[in-house]
Amino acid sequence: MATDKMRWGEAMLMETDKPGAATEWRRHYMLPIAAALGYATSVIHIYGLGPYIQPISDQFGWTRTQVTVGLTLSTLVQAVFSVPIGLMVDRLGPRLFGLVGVLLTCGAFALLGTATGSPGQWYLLWALLALATLPVQATIWTSAVATRFEASRGLAFAITLCGASIAVAIFPLMGSWLIGQYGWQRAAPIQAAIWAACSFPLIFLFFRGARDRRRGEAETASAAAPAIGATLAEGVRSSIYHRLLLASLLFTFTIIALVVHFVPILTDRGADPMRAAGIASVVGLCSIIGRLATGLLLDRFRGSLVGAGVFLLPAAASLLLLGAGNNVALLIAAAALIGLTLGAEVDVIVYLTTQHFGLKTFGGLYGGLLMALSVGTATGPLGASAIFDRFGNYAPFLWITLVLMVASSLALASLPRPAFARPRGH
């Protein structure tokens, strides 16, 4: 307790040296946009996989579990290396990781089009993709933004993490159209090339955190100031950290599975692939709204309560999907609720990490939380696939989603007031 008070005092002494929201945006307005494009790249294999599931399954005679197990392997690899990558970012800065990672990730996604129907080769392609995505995980993009924004950190994080919303809105439609025109094996490299051409130039020009100085550039006062916060050991021993881990795991286990399988859920009900992709794009569009709204709310209200409320929306979406049948209006409403929450979980978890533990070891601590997010991402789609293969429908998984969403919401609602929160009005 005394330690927390000392840290609070240190934070208050440094407040007068930190710029306000308007100054932060004037200096670094392009950084969250560039980071958003980088974050979208990091999930191209997750949110872009949906349209490929059925044609791959049809061509090779695989179950949906066999098709999606590569995604599980990829995200588990990311989980294993999340903390080491986070610690390296704390030490070296995120720019180099981001630049190299974007090119590697797009190249590895393109290679999926070389699949021959051999399960061993398919798993090898996903192993390469797993390694390629290590330098573009969320820690890289959020750490740069965290060092440049404080007064408006919630909104800056929201814009950064809107990259996944862009991915959900664009990648299913792009993939479905390209598959229809060229077949899935040619569609994968074309999709990767288009995205690399759109994203890499802006990332190269504008993605630079406080630790990423140009050659010969002097450090700014804010960059030179020592970061305050909990050590890695203090953070991982905290019950607050344990609750954040639990909320991260339960939420991503269900929400990512809902997004990855959303197109198959609709096509199983008789929707044609393009119509299903069109409804699924509502998830991405509403996700942008949800992220921005969540970011604004986090800057104004207690973050744990904002997160607890947001985490309940997929439960309502699951109820709609269970009872919607082929009712397009209800399916769109379910897509909208999923979208309003999608990615807000990362926004909330990142924000609460800075609020409760400061920036001293943000990369390492968030790396641990990213491990939980990655494990949920890895196992959720596979679990949904296994349930579909066992029961022939997704209804049991939708009931599981409802229960886990309530549990994750309660985990956040139980958090105490944060030790490193910037006072409202500063």
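Residues numbered from 1 in each chain as written. Predicted model: local features only at pLDDT ≥ 70, side-chain atom pairs only at ≥ 80, totals over all residues. Heavy atoms only, no water.

Looking at an unreviewed UniProt entry, one finds the protein named MFS family permease, with Sphingobium scionense as its source organism.

For the rest of this paragraph, the subject is the overall build of the protein. In terms of regular secondary structure, the protein is built from 22 helices and zero strands. On C-alpha atoms alone, the protein measures out to a radius of gyration of 21 Å, which is about the 22 Å that the 2.2 N^0.38 rule sets for 426 residues. Within the protein, buried positions represent 58% of all 426 residues. Within the protein, contacts between residues at least 6 apart in sequence are counted, and of these 85% link residues at least 24 apart. For the protein, the exposed area adds up to about 16,100 Å²; of that, 68% sits on carbon and sulfur atoms. Between the centroid of the 28 positive side chains of the protein and the centroid of its 18 negative side chains there is a distance of 2 Å. (Helix = DSSP H or I, 4+ residues; strand = E, 2+ residues; numbered from the N terminus. Rg over C-alpha atoms; globule rule 2.2 N^0.38 Å. Buried < 20%, exposed > 50% of the residue type's maximum accessible area, 1.4 Å probe, protein only. Contact = heavy atoms within 4.5 Å. Areas by Shrake-Rupley, 256 points an atom, 1.4 Å probe, with all protein chains shown as cover. Lys, Arg positive; Asp, Glu negative; His and termini not counted. Charge placed at Lys NZ, Arg CZ, Asp CG, Glu CD.)

Attention shifts here to the nonpolar core. Judged by nonpolar contacts, the single largest core of 125 residues is most densely connected at Tyr47, Tyr366 and Leu412. The residue makeup of this core includes at least three contributed by each of domain 1 (27-210) and domain 2 (230-419). Apart from residues lying up to four places away in sequence, Leu412 is in contact with Leu244, Ala247, Ser304, Gly307, Ala308, Phe311, Val348, Ile349 and Leu352. (Core = buried A, V, L, I, M, F, W, Y, C linked by side-chain atoms within 4.5 Å. Domains from an automatic or database assignment.)

Okay, the domain arrangement of the protein next. You can read the domains of the protein as domain 1 (27-210) and domain 2 (230-419). Just the C-alpha atoms count here: the centres of domain 1 and domain 2 sit 18 Å apart. Of the residues lining the interface, 48 residues belong to domain 1; the matching set on domain 2 comes to 50 residues. Summed over both sides, the interface of domain 1 with domain 2 buries roughly 3,900 Å², with 71% coming from carbon and sulfur. Joining domain 1 to domain 2, the criterion identifies zero salt bridges. Connecting domain 1 to domain 2 are six residue pairs in polar contact (both at pLDDT 80 or more). Those elements giving two or more residues to the side of domain 1 that touches domain 2 turn out to be helix H4 (44-47), helix H5 (50-60), helix H6 (64-92), helix H9 (138-148) and helix H10 (153-182). (Buried area = accessible area lost by both parts, 1.4 Å probe. Salt bridge = Lys/Arg side-chain N within 4 Å of Asp/Glu carboxyl O. Polar contact = N/O pair within 3.5 Å; in protein donor to acceptor, adjacent residues only side chain to side chain.)

Counted by the stated rule, this structure contains 14 aromatic pairs. Summarising the aromatic geometry, the rings of Phe60 and Trp184 are spaced 5.8 Å apart at their centres and angled 90° between planes, so their arrangement reads as edge-to-face. With Phe60 in helix H5 and Trp184 in helix H11 (residues 184-206), this residue pair connects regions lying 124 residues apart in the sequence. Taken individually, Phe60 and Trp184 each receive the classification buried, so the pair is uniform in this respect. Ring-pair connections join several aromatic residues into one group, and the members of that group are Phe60, Trp62, Trp122, Trp126 and Trp184. (Phe/Tyr/Trp six-rings, centres within 6.5 Å; stacked < 30°, edge-to-face > 60°.)

Moving on, we get to a nonpolar patch on the surface. Together, Leu173, Trp177, Tyr182 and Met274 give the surface a local cluster of nonpolar side chains, amounting to about 380 Å² of exposed area. When residues in the nonpolar patch are grouped by element, the largest group, three residues, is from H10. One can find Leu173 in helix H10. (Patch = residues over 30% accessible without salt bridge, like charges linked within 9 Å, V, L, I, M, F, W, Y side chains within 5 Å.)

The N-to-C vectors of helix H7 (residues 95-111) and H11 enclose an angle of 170°; their axes lie 8 Å apart at closest approach. In terms of axis orientation, H7 runs roughly antiparallel to H11. Every pair of crossing elements has a handedness; the one defined by H7 and H11 is left-handed. Residues Arg95, Leu99, Val102, Leu103, Cys106, Phe109 and Ala110 of H7 pack against Ala188, Pro189, Gln191, Ala192, Trp195, Ala196, Ser199, Phe200, Ile203 and Phe204 of H11. (Axes fitted to C-alpha atoms, helices over the stretch in contact; angles between N-to-C directions. Parallel < 35°, antiparallel > 145°, perpendicular 65-115°, else oblique. Left-handed = near helix turned anticlockwise from the far one by under 90°.)

Another aspect to go through is the side chain of Ser408. Counting through the fold element by element, Ser408 comes out in helix H22 (residues 395-413). For Ser408, the residues in contact, after removing those within four places along its chain, are Ala247, Leu250, Phe251 and Phe311.

Another point: the state of the cysteines. On inspection of all chains with the given rule, the structure shows zero disulfides. Cysteine Cys106 remains unbridged, with the sulfur of Cys198 as its closest cysteine sulfur at 9.9 Å. Accessibility expressed as a relative area gives 4% for Cys106, which makes it buried. There is no disulfide at Cys162, and the cysteine sulfur nearest it, in Cys286, is 12 Å away. (Disulfide = S-S within 2.5 Å.)

In this section: the environment of Gly367. Within the secondary structure layout, Gly367 lies in helix H21 (residues 362-391). Gly367 sits 44 residues away from Gly323 along the chain, and the two C-alpha atoms are 38 Å apart. The contact partners of Gly367, leaving out residues within four places of it in the chain, are Ser82, Val83, Thr139 and Phe362.

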